Structure formats: C-alpha cells, structure tokens
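A closer look at the structure
In case you want the letters, here they are:
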Amino acid sequence: LFVMYVTNRTEAWMFLEKLRLYSVGNELVHKGFFMSDAEDADTRQEACGHTAERLEGLWAEALADATQARSFDRLCVHLEVDPSHLPALPQPISWRFSMMPY
C-alpha cells in the first residue's frame, strides 16, 4: 500500500527526469561524445576535405578574375576577409567517452 502511494506521487516526476536524461544523452550523441577514435578521425578528415575544396574554389575564382582583369589589386580584393562570415575553428581535442580512463 505504501509503495503504491509513493509510486503514484512520484510517477510524473520520474517520467520528467527520464525525459531530461534522454535529452542530455541525445545532446551528447549529437556532439559526438560517443564516437570512436576512428569515427572522430574520419569526421575531422571529411571536414578538412570540405574546407580545402571550398578554399581551392575561392582561390581559383579569385585567380581567374584577377588574370582576366590583369590586375593584382583585383586579386587582393578577393583576399579580403569578412569577419561576419568566418567559419568556426575545429576544437583541437574532442572529448569523447573512449578517452575516459576506467
């Protein structure tokens, strides 16, 4: 009888606590906390490849425009950096579950 009373009083709170813990775990999954070392290395390599491809495209476009205009100043205009559109720098160390000592 007492167990039923406690269960009825705390069931909603326990359900909310389960949902909160699920959201924390889901957030950690999306941040890559449970990735293996190989998955993290692949993700970083893929991001590096995309960034290199994007920068090579920008360089080719700037060089073609400057070559067509025959102007070094035109190349320098393409090299100006817009601080509002800077991509985020990758973290040097990604903290993952596999890095925890046991």
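Now for a look at the structure at hand.

Calculation rules
Residues numbered from 1 in each chain as written. Predicted model: local features only at pLDDT ≥ 70, side-chain atom pairs only at ≥ 80, totals over all residues. Heavy atoms only, no water. Helix = DSSP H or I, 4+ residues; strand = E, 2+ residues; numbered from the N terminus. Expected span 1.5 Å × (residues − 1). Bend = angle between axes of the 7 residues up to and from the residue. Buried < 20%, exposed > 50% of the residue type's maximum accessible area, 1.4 Å probe, protein only. Salt bridge = Lys/Arg side-chain N within 4 Å of Asp/Glu carboxyl O. Contact = heavy atoms within 4.5 Å. Polar contact = N/O pair within 3.5 Å; in protein donor to acceptor, adjacent residues only side chain to side chain.

**As for helix α1 (residues 2-30)**
Across its 29 residues, α1 extends 41 Å between first and last C-alpha, which sits within 8% of the 42 Å expected from 1.5 Å per residue. The largest bend along α1 measures about 50° and falls at T10. Trailing α1 by a residue or two, G32 shows a phi angle of about 85°, which is positive.

**Some remarks on unusual backbone geometry**
Non-glycine residue R70 carries a positive phi angle of around 55°. Inspection of the secondary structure assignment puts R70 in the loop between α2 (37-69) and α3 (72-78).

**Side note on the environment of N26**
Inspection of the secondary structure assignment puts N26 in helix α1. With relative accessibility at 29%, the residue N26 sits in the partly exposed group.

**Focus: the pattern of salt bridges**
Scanning all chains against the criterion turns up six salt bridges. Among the salt bridges present, the one from R20 reaches E17, with a minimum N-O distance of 3.0 Å. In this pair, R20 and E17 are both assigned in helix α1, three residues apart and thus about one turn of the helix distant. Classification of E17 by relative accessible area gives partly exposed; the value is 25%. The residue E27 makes a salt bridge to K31 at a minimum N-O spacing of 3.2 Å. Judged by its relative accessible area of 43%, E27 falls in the partly exposed class.

**Side note on α2**
At 3.6 residues per turn, the α-helix brings residues three or four places apart onto the same side. The first and last C-alpha atoms of α2 sit 48 Å apart over 33 residues, in line with the 48 Å expected at 1.5 Å per residue. The set of residues buried in α2 consists of D40, A62 and A66. On its buried face, α2 is in contact with α3. Once α2 ends, the next one or two residues include R70, with phi positive near 55°.

**Observations regarding the side chain of S94**
Its location among the elements puts S94 in the segment after α3. A polar atom in the side chain of S94 sits 3.1 Å from the side chain of D40. For S94, the side chain forms a polar contact with the side chain of R96, separated by 2.8 Å. Ignoring anything within four residues of it in the chain, the contact list for S94 reads D40, R44 and M99.

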